[in-house]
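Listed below, chain by chain, are the residues.
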Amino acid sequence: SMLVGVFITALTIANLQQLVTSLDASRLRFQREMEIMKKFLRYRLVPAGLQKRIATFFDHQWDVLKGEDEQKFLLELPQSLQQQVTNFMCRDIIASLSILRKANTSLLNALVECTEMNTY
């Protein structure tokens, strides 16, 4: 029975290690991509202030999405649901433009399709 307890403990520790490793994999991928990006920006002599803004943008994206790709998620939805989700996400921006308040739905849908959602 002691051997069974040792085996179960070892199995539990192995499972916990695998869980921690998988959680860190996406963070590690993000850090590698950030290092590549930083090397590129330094190589191209991008001003330090702009480099900082770019790094801050990607850090914010990581904090919000944890490495997940919103566009990939949206592309998996049927076209009608993509349109509805995109309309929902852009409604405040569209509503703030007085020239578009009386526009027809087809025009608004076409404009929304051309938008790209990013927070800076």
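For the structure, see preceding data.
Since this is a predicted model, take the numbers as computed values, not measurements. (Residues numbered from 1 in each chain as written. Predicted model: local features only at pLDDT ≥ 70, side-chain atom pairs only at ≥ 80, totals over all residues. Heavy atoms only, no water.)

Colleague: What's the story with the nonpolar core in this structure? I'm lost.
Modeller: Generally speaking, a soluble globular protein has its nonpolar side chains buried in company with each other. By size, the foremost hydrophobic cluster in this structure holds 7 residues: F30, M34, M37, L41, V46, A55 and W62. When residues of this core are traced back to their parent elements, those giving at least two are helix 1 (2-43) and helix 2 (48-65). The element contributing the most residues to this core is helix 1, with 4 residues. Excluding residues within four positions of it along the chain, L41 makes contact with V46, Q51 and I54. Of all hydrophobic cores here, the second largest spans 5 residues; its members include I94, L100, L108 and V112. (Core = buried A, V, L, I, M, F, W, Y, C linked by side-chain atoms within 4.5 Å. Buried < 20%, exposed > 50% of the residue type's maximum accessible area, 1.4 Å probe, protein only. Helix = DSSP H or I, 4+ residues; strand = E, 2+ residues; numbered from the N terminus. Contact = heavy atoms within 4.5 Å.)

Colleague: I'm lost on helix 5 (residues 105-113) in this one. Help?
Modeller: Every buried residue belonging to helix 5 is among L108, N109 and V112, and all of these are buried. Down the axis, helix 5 shows its buried residues gathered within 100 degrees of arc, on one side only. Helix 5 presents S106 and E113 as exposed residues on the side facing more than 90 degrees away from its buried surface. The opening residue of helix 5 is N104, an N-cap whose side-chain oxygen sits 3.2 Å from the backbone nitrogen of S106. (Arc of directions from axis to C-beta. Polar contact = N/O pair within 3.5 Å; in protein donor to acceptor, adjacent residues only side chain to side chain.)

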